[in-house]
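# Structural features, examined
Here is how the chains run, residue by residue.
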Amino acid sequence: MYMRRITVFRFYLCTLFLLSLPIVLAAAAAWQPSSQPKTAVIAHRGASGYAPEHTLSSYRLAARMQADYIEVDVRAAKDGKLVALHDATLARTTNAETVYPRRAPWRVNDFSFAELRRLDAGSWFHPRFAGERIPTLDEVIQMLKAERVEAPLYIETKQPGIEEAVVHLLKKHGFLQQRRVMFQSFHPESLQALRPLIPHGIRLIQLVDEKEAHSGRDELLQQIAVYADGIGLPLSAVTEEWVRAAHGRGLIVHVYTVNEPHDLARLCAMGVDGLFTDYPDRPGRIAACRRLPRH
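Treat the numbers as computed from the prediction; the structure is a model and nothing was measured. (Residues numbered from 1 in each chain as written. Predicted model: local features only at pLDDT ≥ 70, side-chain atom pairs only at ≥ 80, totals over all residues. Heavy atoms only, no water.)

Attention now moves to the packing of helix H9 (residues 217-224) against helix H10 (residues 240-248). A pair of packed helices is captured by two measures, namely the crossing angle of their axes and the spacing between those axes. At a minimum axis separation of 10 Å, H9 and H10 run at an interaxial angle of 35°. Of the two possible hands of crossing, H9 and H10 adopt the one that is right-handed. Residues Arg217, Asp218, Leu220 and Leu221 of H9 form the contact with H10, whose own contacting residues are Glu241, Trp242, Ala245 and Ala246. Per-class residue counts for the contact of H9 with H10 are five nonpolar, no polar and three charged. (Axes fitted to C-alpha atoms, helices over the stretch in contact; angles between N-to-C directions. Helix = DSSP H or I, 4+ residues; strand = E, 2+ residues; numbered from the N terminus. Left-handed = near helix turned anticlockwise from the far one by under 90°. Contact = heavy atoms within 4.5 Å. Nonpolar A, V, L, I, M, F, W, Y, C, P; charged D, E, K, R; others polar.)

Right under this line is the structure:
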C-alpha cells in the first residue's frame, strides 16, 4: 500500500510538471532581456507637441515621457548669453512684436538677455503657459541636474562661433561626456570647430536639408564621414538606400521630424538609429521600433 501511494504521488507530480511546463517556458521567455535595442527617441525642442518649444515646461515633460534625448537649440543673445531658441527671430514664439514694436525684424542677436527675459514665450502655444520665459542653456542644465533627469542633451548649434562657450558651460556642469551630450548642426564649420574641443566618443551629427539630401548622396556621405559620426535627414528624404549607404560609411542616421505612427513604424523597420518627434510618448508604443542591433 505504501509503495502504491508513492507511485501515485510520483504520477501526479509528473503530470503537474508536464502541464505547467509551457507556462513556465513562456514566463521565462518573457523575462529574457531583449537583444533588440530600440531606435532612440529624441524629444524635438522638448515635448513640443504638448508644451511651448524650448521652455523648461517642454523639457520637463520630455523627461517625464522618458525620451532618450532632449534636443536643445542654442544661439547667442547680443551680449553673448547662450539661450535655448530655434528661430533666428522672436516673432513666432514670443510677444516681441508687442513688447518691442519698433525693433522689427526682432532678430535674437539684436537683443540682450535682459531684454529677452521680458518676453512671454508660452502664450503663443496656449494661455496656460503664459509667463514662460526663454531659458538660458545654463538654466536648462541646472533644471535637469536638480530634477535628476538622466536623458542626455542633444544640442544643436544654431550659429557658428558659439562652440567654445557651449563647451565651457557643459564642462562646468560635468555634462561634457559621452552619456550626457550629443551635438548637431546644419553648419559643418560648427561641428569641425567642436571636434578638437570635446572628448572622444561624444557624437557629432551633420544635419542636411531636403535639397542636400536629394543631391549627390555618396559624395555627401564621404564628406560628412571625415568629421562627423552621423547624419540628420529630413523625413521627406529618408529611404532604405540612404540608411544602408550611411551605415556603410559608419554613420548613424537620425531623422527629423517624425510624428505620425505609420512613419514611426516604417522608419524603425528601416533601421534608423534615432527619430526626432514632437510627441516623445508615441514611439514607445510602436513595436517596430525594436530591431536587431547593427553590426
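On to the pattern of salt bridges, then. Summed over the entire model, instances satisfying the criterion amount to 14 salt bridges. Between Arg103 and Glu115 there is a salt bridge whose closest N-O contact spans 2.8 Å. Separated by 12 residues along the polypeptide, Arg103 in the loop between helix H3 (96-99) and helix H4 (113-116) and Glu115 in helix H4 bring together distant segments of the chain. When its relative accessible area of 28% is taken as the criterion, Arg103 is described as partly exposed. Across the pair Arg107 and Asp110 runs a salt bridge, and its minimum N-O distance is 4.0 Å. (Salt bridge = Lys/Arg side-chain N within 4 Å of Asp/Glu carboxyl O. Buried < 20%, exposed > 50% of the residue type's maximum accessible area, 1.4 Å probe, protein only.)

Between helix H5 (residues 137-146) and helix H6 (residues 163-172), the least distance of the axes is 11 Å, while the angle of their chain directions is 25°. It follows that H5 is roughly parallel to H6 by the angle criterion. When you trace H5 past H6, the crossing you get is right-handed. The segment H5 lies against H6, with Leu137, Asp138 and Ile141 engaging Val166, Leu169, Leu170 and Lys172. Along the lines of polarity and charge, the residues of the contact of H5 with H6 split into five nonpolar, no polar and two charged. (Parallel < 35°, antiparallel > 145°, perpendicular 65-115°, else oblique.)

Within a regular beta strand, the side chains point alternately toward one face of the sheet and then the other, so they alternate between its two faces. Burial of the side chains of strand S6 (residues 204-207) extends over both faces: Leu204 and Gln206 are buried on one face and Ile205 and Leu207 on the other. Bridge analysis of strand S5 (residues 181-185) against S6 gives three bridges, and the strand direction is parallel. Among the inter-strand pairings, Gln184 is bridged to a residue of S6, identified as Ile205. Bridge analysis of S6 against strand S7 (residues 230-234) gives three bridges, and the strand direction is parallel. Looking at the pairing, Leu207 lines up with Gly232 of S7. (Pairing = 2+ DSSP bridges.)

Mean pLDDT for the protein chain: 88, with 83% of residues reaching 70 or above. Confidence over residues 1-9 falls short of pLDDT 50; this stretch has zero contacts with residues more than four positions distant or in other chains. Within the model, pLDDT remains below 50 along residues 11-36, and this stretch shows six contacts once partners closer than five positions in the same chain are excluded. (pLDDT = per-residue confidence, 0-100.)

Ranked by size, the top nonpolar core spans 61 residues in total, and within it Leu153, Leu170 and Phe183 carry the most contacts. Tallying contributions element by element places H5 first for this core, with five residues. Membership of the second largest hydrophobic core comes to 14 residues, among which are Val83, Leu90, Ala96 and Phe111. (Core = buried A, V, L, I, M, F, W, Y, C linked by side-chain atoms within 4.5 Å.)

Right, let's talk about the environment of Glu163 for a bit. Tracing the sequence through the fold places Glu163 in helix H6. On the accessibility criterion, Glu163 (6% relative accessible area) is buried. Setting aside residues up to four positions removed in sequence, Glu163 forms contacts with Ser190, Ala193, Leu194 and Leu197. In terms of polar contacts, Glu163 uses its side chain to reach the side chain of Ser190, at 2.6 Å. (Polar contact = N/O pair within 3.5 Å; in protein donor to acceptor, adjacent residues only side chain to side chain.)

On to unusual backbone geometry. As a rule of thumb, non-glycine residues mostly have phi less than zero, and peptide bonds are mostly trans rather than cis. Ala104 connects to Pro105 through a cis peptide bond whose omega is 5°. By secondary structure assignment, the location of Pro105 is in the loop between H3 and H4. Going from Tyr256 to Thr257, the amide bond is cis rather than trans, its omega being -20°. Positioned with a positive phi, His54 is a non-glycine residue whose angle comes to about 50°. On the secondary structure map, His54 appears in the loop between strand S1 (40-43) and helix H2 (56-64). Even without glycine at this site, Gln66 takes up a positive phi of about 60°. Positionally, Gln66 belongs in the loop between H2 and strand S2 (69-76). Judged by its relative accessible area of 65%, Gln66 is exposed.

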